[in-house]
Amino acid sequence: MKAITITDNKPEPIRLIETSIPDIQEGECLVRMEVAGLNRRDQWMREGLYPGIKFGTILGADGCGIVEKGSAEWIGKKVIINPNMNWGDNPDVQSGKYTILGMPTNGTLAEYVRVSTDRLVAKPAHLTDEEASVIPLAALTAYRAVVTKGKINASKRVLITGIGGGVSQFALQFALALGAKVYVTSRDEDKRQRAIKMGAKDGFISTNENWWKDVLKVGQFDTIIDSTGGNSVNIFLKIIKPAGRIVLYGSTAGYPEKLDTFRLFWTQAHIIGSTMGNDLEFINMVQFVSDHGIRPTIDHVYPMNDYLQALDRFKAPDHFGKIALRID
Ligand SMILES: NC(=O)c1ccc[n+]([C@@H]2O[C@H](COP(=O)([O-])OP(=O)(O)OC[C@H]3O[C@@H](n4cnc5c(N)ncnc54)[C@H](OP(=O)(O)O)[C@@H]3O)[C@@H](O)[C@H]2O)c1
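Conventions and cut-offs
Residues numbered from 1 in each chain as written. Predicted model: local features only at pLDDT ≥ 70, side-chain atom pairs only at ≥ 80, totals over all residues. Heavy atoms only, no water. Helix = DSSP H or I, 4+ residues; strand = E, 2+ residues; numbered from the N terminus. Rg over C-alpha atoms; globule rule 2.2 N^0.38 Å. Buried < 20%, exposed > 50% of the residue type's maximum accessible area, 1.4 Å probe, protein only. Lys, Arg positive; Asp, Glu negative; His and termini not counted. Charge placed at Lys NZ, Arg CZ, Asp CG, Glu CD. Salt bridge = Lys/Arg side-chain N within 4 Å of Asp/Glu carboxyl O. Polar contact = N/O pair within 3.5 Å; in protein donor to acceptor, adjacent residues only side chain to side chain. Contact = heavy atoms within 4.5 Å. Core = buried A, V, L, I, M, F, W, Y, C linked by side-chain atoms within 4.5 Å. Phe/Tyr/Trp six-rings, centres within 6.5 Å; stacked < 30°, edge-to-face > 60°. Lys NZ or Arg CZ within 6 Å of the ring centre and 35° of its normal.

A. How the structure looks around the overall build of the chain. On a plain count of helices and strands, the chain comes out with ten helices and 17 strands. Relative to the 2.2 N^0.38 estimate, which gives 20 Å for 328 residues, the radius of gyration of the chain is 20 Å and therefore close to what a compact globule would have. Across its three principal axes, the chain shows a C-alpha extent of roughly 60 × 45 × 40 Å. Counting every position in the chain, which comprises 328 residues, the buried fraction comes to 53%. Across the chain, the mean location of the 39 positive side-chain charges is 6 Å away from that of the 37 negative side-chain charges.

B. Spotlight on the side chain of K149. Inspection of the secondary structure puts K149 in helix α3 (residues 136-149). Buried within the structure, K149 lacks any salt-bridge partner; D92 is the closest side chain of opposite charge, at an N-O distance of 7.2 Å. At 2.6 Å, the side chain of K149 and the backbone oxygen of G273 are in polar contact. Setting aside residues no more than four positions away along its own chain, K149 makes contact with R144, R245, V247, I272, G273 and S274.

C. Here's a closer look at unusual backbone geometry. Cis rather than trans, the peptide bond between K10 and P11 has omega equal to 5 degrees. Take P11: it is sitting in the loop between β1 (2-6) and β2 (14-18). Residue P104 follows M103 across a cis peptide bond; omega there is 5 degrees. On the secondary structure map, P104 appears in the loop between β7 (99-100) and β8 (112-116). Non-glycine residue A243 carries a positive phi angle of around 65 degrees. Inspection of the secondary structure assignment puts A243 in strand β14 (residues 240-248). Although it is not a glycine, M276 sits at a positive phi angle of roughly 40 degrees. Mapping M276 onto the fold places it in the loop between β15 (270-273) and α9 (279-291). Residue M276 is classed as buried on the basis of its relative accessible area of 4%.

D. How the structure looks around the nonpolar core. Counting 45 residues, the largest nonpolar core has I80, I135, I160, L172, F174, I225 and M285 as its most contacted members. Elements with a contribution of two residues or more to this core: α3, β10 (157-160), α4 (166-177), β11 (181-186) and α9. No other element matches the eight residues that α3 contributes to this core. Ignoring any residue separated from it by four or fewer positions in sequence, one finds I135 in contact with I80, L127, L140, F170, M285, V289 and P296.

E. Structural view of the pattern of salt bridges. Under the definition given, this model contains 20 salt bridges. Of the charged contacts, one joins R40 and E47 as a salt bridge, the two residues approaching to 3.9 Å between their closest N and O atoms. Assessed through its relative accessible area of 24%, R40 is described here as partly exposed. A relative accessible area of 33% places E47 in the partly exposed class.

F. Representation of the packing of aromatic side chains within the structure. Summed over the entire model, instances satisfying the criterion amount to ten aromatic pairs. Seen from their ring centres, W87 and Y98 are 5.4 Å apart, and the 80 degrees between their planes marks the pair as edge-to-face. Here the residue W87 occupies a position in the loop between β6 (84-85) and β7, and Y98 occupies one in the loop between β6 and β7, the gap between them amounting to eleven residues. We note that W87, like Y98, is buried. Measuring from ring centre to ring centre gives 5.3 Å for F262 and F265, while their planes differ by 75 degrees; the resulting arrangement is edge-to-face. Remark: F265 and F262 occur in helix α8 (residues 261-267); sequence separation between them is three residues, near one turn of the helix. The exposure class assigned to F265 is exposed, which follows from its relative accessible area of 52%. We note K238 situated over the ring of W212; from NZ or CZ to the ring centre the distance is 4.3 Å.

The following block contains the structure:
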């Protein structure tokens with residue numbers, strides 16, 4: 001079968017290879033992938049900036065496919081896959097054995113993937129294969145950040161940053177579905193406009209040094225959902241309501257140089273970390289997507305052979321939403 005793997009080759013470690021179709025064990029299924037979703041982590045691995053890279057692993061946490069072998073009740077069904085492996089018993093935090101499909105376990109960027117049967121979830125009926133393929137990792141991350149950690153509801157004023165992102169696009173749609181008043185940031189005016197068309201009240205251009213002063217003209221936020229990182233957390237402490245929640249699930253621009261602890265204790269704000277989500281949240285997220293008819297924002301779907309172009313897309317200034325590979 002064809003598969004996309006990471007090697008120690010330089011300067012380009014990602015390779016399309018020919019390898020054997022995996023054998024399955026008791027309790028596992030073999031899924032023939034139709035479309036695989038890409039995530040920023042795949043590009044972080046390509047850049048050597050992801051912890052614990054194991055060369056030779058087939059990448060990919062997300063996808064949509066048809067079960068070909070394994071449990072009789074699943075054979076022939078179209079599925080998506082919960083990429084959590086060994087979250088553990090504590091819903092608040094993943095166990096020490098936790099990993100994500102696609103590193104170090106072989107993932108979805110292949111013609112076939114072998115997964116535990118308990119990772120399978122039926123494809124939401126309202127979605128195309130391409131839309132379903134990009135749901136798992138990003139939508140789970142957005143769901144935990146918005147619902148569990150952000151505690152967003154119809155009474156909340158919310159800021160979602162870096163709105164061009166795959167996860168932030170889900171966060172926007174989830175917060176809107178909950179009835180919140182949602183504002184966004186982006187480095188790009190066109191993306192700001194697109195978010196407003198999707199239902200955001202307004203947006204701020206985060207490359208304007210004093211964008212946060214415009215926020216103060218319209219009012220502070222109950223909740224901020226962020227993955228842009230860098231020094232932005234100190235700006236958030238200026239625009240969060242007293243005792244508000246700042247949920248951080250990523251740090252694309254790196255770590256802050258300092259933390260304004262004075263504002264942190266004076267505002268009584270909560271800075272909350274969030275990562276992916278537990279298995280119950282995965283089920284609840286898929287149900288939420290179905291109940292609210294949510295359709296992922298797809299930036300681009302590439303043929304499998306164009307995998308490098310697809311990964312490059314994460315760095316494109318006009319990238320907006322999720323990127324996928326048609327496995328053919
Ligand atoms: N903790 C977890 O479980 C988890 C799960 C998923 C993702 N993540 C992390 O969360 C981040 C976002 O993931 P994603 O899949 O949504 O990535 P993505 O699709 O690449 O989106 C990131 C967005 O952030 C903004 N951005 C990018 N570089 C920036 C920079 N240098 N400074 C400020 N803003 C920047 C951009 O929005 P604009 O162009 O609109 O400004 C971009 O569209 C990544 O760092 C990823 O590794 C963590």
